[in-house]
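Analysis of the macromolecular model
Residue-level listing of the chains:
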Amino acid sequence: MNMQAKKNNNAVNQCKSKKQKRFFGLHALPLISALCCFSLIFFVAFWLYHVELKSALQSRSTTAEKRINDIAGVISSSMEVRLNLTSSLRAFVYTHKTFSVEDFNNFTSLLLNDLTGIVSLQLAPDGIVTYVTDVEFNKQVIGHNLLTDPRRRQLALKAIQDNSYLIIGPMDLIQGGQAITARRPIFFPGINDQQANFWGFATVLIDIKSLLEDTLVVNLMKDFNLAIRGKDGLGAQGDVFFGEAAVFENPIAKSTIRLPNAQWQIAVTEKKSNHIAGFFHSSWYWGLTLPSSLIAALLCYSLMDRPRKLKEKISEATTALRIEINQRKLAEEKLQLSSRVFNNTHEAIMITNEEQVIVDVNPAFSDITGYNREEMIGKTPHVLRSGKHSANFYQAMWQAVTEQGHWQGQVWNKSKQGDLYAELLSISSLKNDEGKVTHYICLFSDITDLKRQQEQLKLMAHYDVLTKLPNRALFVDRFHHAIAHSIRTGHQLAICFLDLDDFKPVNDNYGHDVGDRLLIEVAKRITECIREEDTVSRQGGDEFAILLNDLKSASQYEVTMDRIHQSLAQPYDIDGVQHNITASSGVTLYPSDNSDIDTLLRHADHAMYQSKLAGKHRTQLYNPDYDQLIIQKNSQLEEIEQALANNEFELYYQPKVNMTTGDVFGVEALIRWLHPDKGLIQPLDFLPFIDDTPLENKLGEWVINEALQQLTQWQQHNILIQMSINISSNHLLSPMFFDVLKNNLTKYPTIDSQYLQLEILESSTLGDISIITDIIKTCQQRLGVSFALDDFGTGYSSLTHLRSLPVDTIKIDRSFVRDMLDDPSDYSIIEGVIALTQSFSRNVIAEGVESKNHGLMLLMMGCEQAQGYEVAPPMPASEFSYWLRHYIANQDWLLCGNKSRSNKENSLAIFKILSRQWKDKLTEKVSEGSDGVTYWPIIDSHYCHCGNWIAREKTKQLFAREGIERLEQVHHKVHSIAHAIKSHYQQGDLHTTQAILVDFELAFDEMSEVTRTWQ
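I will try to describe carefully the structure that is included in this document. Treat the numbers as computed from the prediction; the structure is a model and nothing was measured. (Residues numbered from 1 in each chain as written. Predicted model: local features only at pLDDT ≥ 70, side-chain atom pairs only at ≥ 80, totals over all residues. Heavy atoms only, no water.)

Quick notes on the packing of helix H19 (residues 694-716) against helix H21 (residues 737-747)
For the pair H19 and H21, interaxial distance at closest approach is 10 Å and the crossing angle is 20°. Classified by the angle their axes make, H19 and H21 are roughly parallel. In this structure, H19 meets H21 at a crossing whose hand is right-handed. Contacts between H19 and H21 pair Glu701, Ile704, Asn705 and Leu708 from the former with Phe737, Val740, Leu741, Asn744, Leu745 and Lys747 from the latter. (Axes fitted to C-alpha atoms, helices over the stretch in contact; angles between N-to-C directions. Helix = DSSP H or I, 4+ residues; strand = E, 2+ residues; numbered from the N terminus. Parallel < 35°, antiparallel > 145°, perpendicular 65-115°, else oblique. Left-handed = near helix turned anticlockwise from the far one by under 90°. Contact = heavy atoms within 4.5 Å.)

Structure below.
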């Protein structure tokens, strides 16, 4: 039984084994096919996942690259806007030359009105930080010398050498914190083709954190790891100053931020939290891929006859999918390029449909107009209209677009905030294949700053800077318009010349600031007294010209002038101090006085002078019928003409020297009348009689001939010096002037024309500036002679003459030089004239130098050439050669001119001269007795020379604040004693006066000791 059972079991097992083999034999191929199908579907799904993952990463990288490029452009634009502040500071320096801290603060407050992230704006004359914004925060940097600081010297010198922007940092600031420093050197043009003069630095400190917040970097950091490198503008070679350095090891996007003479590099990497989740690791894979694969395997198992077709379909689907992915990538790249151009351009772009409804705008549009994209979509450009253009303007504009397909021009529009801005606009139409307009493209840029600069230049050219009244040029233009109106209507014009009485004491005793404020109030009162069609102009100083139009009767001007005089006589309350002044005026009527504008003003000036003589505070009508004066003038003219025929005139020569070298480089020829009965007659006693007469030109030609003859004689004796002769403007404007001068030079062929200089009196009436300019240029270019503007500062419009006339030399008038050591006003005028000549590249010489200290002061102020009695008085030619052989240069001038001084040393030397002059003036007044003629020096400590010096140095900060405050205390003490001396002296108490002088000497020595410790 057991054996039979074993046999049965073996049979059963064999049967089962056969069935299993048969099953696997029948089903092996389907199972293998199903498994292959499952694997293939799984592989395709995995490959599709890989493609999708790669596409997503590529899209993420592209997005990062676009955003980082946008951010780079925004940072670059934001930096450019802030760096342009240095250009504004440089224009401010060019325009003002000299300015106060208050001027600087007022100007920079306008610049910073709409900007954030500016730590400080700075101006550093000669490399010393002097003017800063936000003084409380930046006070530690004031007085810092960029050229001596070892941390900043090398970079500062490089900026000067390259004359370009220097971007440093971010770096630690002296005043605390970190900022990017953008520094730009400022140069003034050189004189006589010399190298430009370094003035100092304009600097802007930019808060990097605020800059990045404004440029949306923070928003980008929410999605990416971001870093910026390029410290000190070195680009890829610079250190990382924002973010982690590891970002630059494997960034997904990188861009360059381009700055003037510098660049930064910005890069981003993915944050781990943002990595795209793998499709393989999601439940969707198991929920979709595996069931799909199993179903496909079952279908494959049941459809063994269709494996080849299924494989072909999968291959075709895969190929189509690849093609579609490539096409999408190409289209995406084109869209990204267009988007970058659209979003990163600095020009605003606005796109409308054919009905002029806005369909898109770029970020630059929003920056300029203030409207964001969402606010403008669906609206028309009408919302931007400013109201400054008429309907005809817009009709003509769109007509040009319709007919020509484009239009370009300037338009004034209004921003969202209500501010007007000027734009340079270009409109183009887009058409489809049928030629129908589908869209309009509008591109524009903001030119408001350019328009404002043009307006500022126009204002400076036609208006007085202080009072904002028309200047002489605009006054003359309005006069010519008024004449045309007068001819049409037959009505009269009144030309009035007004001068303030007793204005100088206000300036001297209370300072120029009070004087300027009083002049502004005077201008306001005169303007309120005249009609809108009338014109008031400031001619210079305290002189005003008034043009009254459309006068139907002569009495009308009297009413207006009375009203002006009464208004000006009312008290002026300035800083709690009441000032009382009056005015004297002269009037001439056109066409009764049918002359040109210069003659009319001179006649009104003569009438004003008569008002002064009559007691001031009144007006006087010019009277052309001065018969007695005419008779006297004709008699004098006959006598002068006879003297010319009798050879009674002689030229005297006054030397000109260079105080630095000691060389005698020229002489001025001055005419003298050797009268047989009256003896030597000075030119002022006879030249005024020949003004505007033919004898004026005749005598001028005699002077030219005599001067050239003398030059020839001197050159024969190896005396090679320049000779300057005075030429009246009437002589210069005469038709034959050029020919006569040319013929005279031809008569003396051995003379080099460069040794002849013609001087024109700036205080004389120059007539038509353009004609004068042409004559001067012709003489310079064709004859080689040079020109000088004499008595500079005494004429109607000195700045206009300096800018317009191509003269080689400017002569500072002796009236300013004479009192410069005692009068702070004259000192300031000379300082301004010297600065102007340097700005306009003119040579400068001072006449009327009558003491050693005059020369020393001029040298330290920048004027090296001098003429005056300290050098030598005018002398005949027979004496000049002897004088020249025995001339010894002033040794003090030579030492001063050749000694190198710092700004601090120069300023201190000026203080010593001024203080010593003031002391000597006071002691001289006390010692001469009650019958003396010497004037008291300025007793008020706030308005004397030294007081002005102390006020200036507080602003410049060359000296320690404690030292200046100590000097100010001792200075007040000296003046208090001086006030007591004057009081006792005027009371006749000479004994007490002499006793107090001892205290005065001690106090003055104490003041000198304070400054001595600064050396």
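Now, onward.
Let's talk about the pattern of salt bridges
Counted according to the given criterion, the structure contains 29 salt bridges. Close ionic contact of Asp598 with Arg472 constitutes a salt bridge, the shortest N to O distance being 2.0 Å. Taken together, the positions of Asp598 in helix H17 (residues 597-613) and Arg472 in helix H13 (residues 472-489) put the pair 126 residues apart, joining distant regions of the chain. The two residues Asp598 and Arg472 agree in class, both being buried. Because the salt bridges share partners, they merge into one network encompassing Lys656, Glu668, Glu759, Lys811, Arg814 and Glu847. (Salt bridge = Lys/Arg side-chain N within 4 Å of Asp/Glu carboxyl O. Buried < 20%, exposed > 50% of the residue type's maximum accessible area, 1.4 Å probe, protein only.)

Side note on the pairing of strand S4 (residues 178-188)
Of all 11 residues making up S4, 10 are buried, and the element is well covered by its neighbours. Two elements, S4 and strand S5 (residues 197-206), share nine bridges in a ladder whose sense is antiparallel. Each residue of the ladder has a partner; that of Phe188, found in S5, is Asn197. (Pairing = 2+ DSSP bridges.)

A word on the packing of aromatic side chains
Two descriptors summarise a pair of aromatic rings, namely the distance from one centre to the other and the angle between the planes of the rings. Overall, the coordinates contain 27 aromatic pairs when judged by the stated rule. Ring geometry for Phe92 and Phe107: centres 4.6 Å apart, planes at 20°, overall stacked. Here the residue Phe92 occupies a position in helix H1 (residues 2-96), and Phe107 occupies one in helix H2 (residues 101-111), the gap between them amounting to 15 residues. The class for Phe92 is buried, based on a relative accessible area of 3%. We classify Phe107 as partly exposed; its relative accessible area is 23%. A ring pair is formed by Phe479 and Tyr590, whose centres lie 6.3 Å apart and whose planes are at 75°; its orientation type is edge-to-face. In this pair, Phe479 sits in helix H13 while Tyr590 sits in strand S20 (residues 582-590), placing the two residues 111 residues apart along the sequence. (Phe/Tyr/Trp six-rings, centres within 6.5 Å; stacked < 30°, edge-to-face > 60°.)

A short note on the pairing of strand S15 (residues 492-501)
Most of S15 sits out of view: 10 of its 10 residues are buried. Bridging between S15 and strand S17 (residues 543-551) involves seven bridges; their strand directions are antiparallel. Each bridged residue has a counterpart across the sheet, and for Gln492 the counterpart in S17 is Leu551. Relative to S20, S15 runs antiparallel, the two sharing nine bridges. When the bridges of S20 are listed, Cys496 appears paired with Val587.

Focus: the environment of Ile760
Looking at where Ile760 falls in the secondary structure, it is placed in strand S26 (residues 756-761). Sequence separation between Ile760 and Ala788 is 28 residues, and the spatial gap between their C-alpha atoms is 6.3 Å.

Considering the nonpolar core
With 86 residues, the main nonpolar core has Phe649, Ile725 and Leu741 as its most contacted residues. The element best represented in this core is H19, accounting for nine residues. With near-sequence residues (within four places) excluded, Ile725 lies in contact with Ala669, Val703, Ile704, Ala707, Leu756, Gln757, Leu758 and Glu759. Among the nonpolar cores identified, the runner-up in size contains 42 residues, and Leu123, Ile208, Leu212 and Phe224 belong to it. (Core = buried A, V, L, I, M, F, W, Y, C linked by side-chain atoms within 4.5 Å.)

A closer look at the state of the cysteines
One pass over the structure, following the stated rule, counts zero disulfides. Among the cysteines around Cys946, which has no disulfide bond, Cys944 carries the closest sulfur, lying 5.1 Å off. (Disulfide = S-S within 2.5 Å.)

Points about the sheet that holds strand S13 (residues 420-431)
Read from one edge to the other, the open sheet built from five strands follows the order S11-S10-S14-S13-S12, with strand pairing classed as antiparallel. Pairing within the sheet leaves two strands with one partner each, and these edge strands are strand S11 (358-361) and strand S12 (406-414). Neighbouring strand axes in the sheet, compared pairwise and without regard to direction, differ in orientation by 25° on average. Across nine bridges, the pairing between S12 and S13 is antiparallel.

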